[in-house]
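Understanding the architecture of this molecule
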Amino acid sequence: LEKRLFSQLDQDNSGTVDVSELRAALRNMNLDLTEENLMLLLRRIDRAQHRDELTFQEFRDLLTVLMHMKKIFKEADADNSGSISSECVTPRWL
């Protein structure tokens, strides 16, 4: 599943997913990150320091981080309102 998704996102068949491909995919998943947040996330994941693209393994790591963040968000969103206060955001998010 992950490999198929990666292949679908890799529009130019470069073997990597670049920032524009990733941004479009995240928007399709209703994750409209600011440019700053997207770059912070990429810096955390991008071991090879490509800076603007992810390999398949880095893409898998990104999915893991996003699933972790979603889990933490659900725990912090006690009233199921879809939002949390800034006090809930801690270093464990990343």
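Residues numbered from 1 in each chain as written. Predicted model: local features only at pLDDT ≥ 70, side-chain atom pairs only at ≥ 80, totals over all residues. Heavy atoms only, no water.

Let's shift gears to helix α4 (residues 56-76). The end-to-end C-alpha distance of α4 is 30 Å, a good match for the 30 Å that 21 residues give at a rise of 1.5 Å each. For α4, the complete set of buried residues consists of Glu58, Phe59, Asp61, Leu62, Leu63, Val65, Leu66 and Ile72. (Helix = DSSP H or I, 4+ residues; strand = E, 2+ residues; numbered from the N terminus. Expected span 1.5 Å × (residues − 1). Buried < 20%, exposed > 50% of the residue type's maximum accessible area, 1.4 Å probe, protein only.)

On to the packing of helix α2 (residues 19-28) against helix α3 (residues 35-45), then. With their axes 12 Å apart at the nearest point, α2 and α3 run at an angle of 110 degrees to one another. By the angle class used here, α2 and α3 are roughly perpendicular. Classified by chirality, the crossing of α3 by α2 is right-handed. Facing Val19, Leu22, Arg23 and Leu26 of α2, the residues of α3 in contact are Glu35, Leu38 and Leu42. Of the residues in the contact of α2 with α3, the class split is 5 nonpolar, no polar and 2 charged. (Axes fitted to C-alpha atoms, helices over the stretch in contact; angles between N-to-C directions. Parallel < 35°, antiparallel > 145°, perpendicular 65-115°, else oblique. Left-handed = near helix turned anticlockwise from the far one by under 90°. Contact = heavy atoms within 4.5 Å. Nonpolar A, V, L, I, M, F, W, Y, C, P; charged D, E, K, R; others polar.)

Right, let's talk about a nonpolar patch on the surface for a bit. Taken together, the side chains of Met29, Leu31 and Leu33 make up a nonpolar region of the molecular surface, amounting to roughly 220 Å² of accessible area. With respect to the helices and strands, methionine 29 occurs in the loop between α2 and α3. (Patch = residues over 30% accessible without salt bridge, like charges linked within 9 Å, V, L, I, M, F, W, Y side chains within 5 Å. Areas by Shrake-Rupley, 256 points an atom, 1.4 Å probe, with all protein chains shown as cover. Salt bridge = Lys/Arg side-chain N within 4 Å of Asp/Glu carboxyl O.)

A few words on the pattern of salt bridges. The final tally for this structure, using the stated rule, is 3 salt bridges. With a closest N to O distance of 2.6 Å, glutamate 2 and arginine 60 form a salt bridge. You can see glutamate 2 sitting in helix α1 (residues 2-9) and its partner arginine 60 sitting in helix α4, a full 58 residues away along the chain. We classify glutamate 2 as partly exposed; its relative accessible area is 30%. With a shortest N-O distance of 2.6 Å, arginine 23 and glutamate 35 are connected by a salt bridge. Of the two residues, arginine 23 is situated in helix α2 and glutamate 35 in helix α3; the sequence distance between them amounts to 12 residues.

Another point: unusual backbone geometry. With a phi close to 55 degrees, asparagine 13 is a non-glycine residue in the positive phi region. Here asparagine 13 is to be found in the loop between α1 and β1 (17-18). Look at asparagine 13 and you get exposed, because its relative accessible area is 67%. Not every positive phi belongs to a glycine, and asparagine 80 is a case in point at roughly 55 degrees. By relative accessible area, asparagine 80 is classed as exposed at 68%.

Bringing the nonpolar core into the picture now. Judged by nonpolar contacts, the single largest core of 17 residues is most densely connected at Leu22, Leu38, Leu42, Leu54 and Leu62. Contributions of two or more residues to this core are made by α1, α2, α3 and α4. Looking at this core, the element that brings in the most residues is α4, giving 5 residues. Not counting the four nearest positions on each side in its chain, leucine 38 is found in contact with Val19, Leu22, Arg23, Leu26 and Leu33. (Core = buried A, V, L, I, M, F, W, Y, C linked by side-chain atoms within 4.5 Å.)

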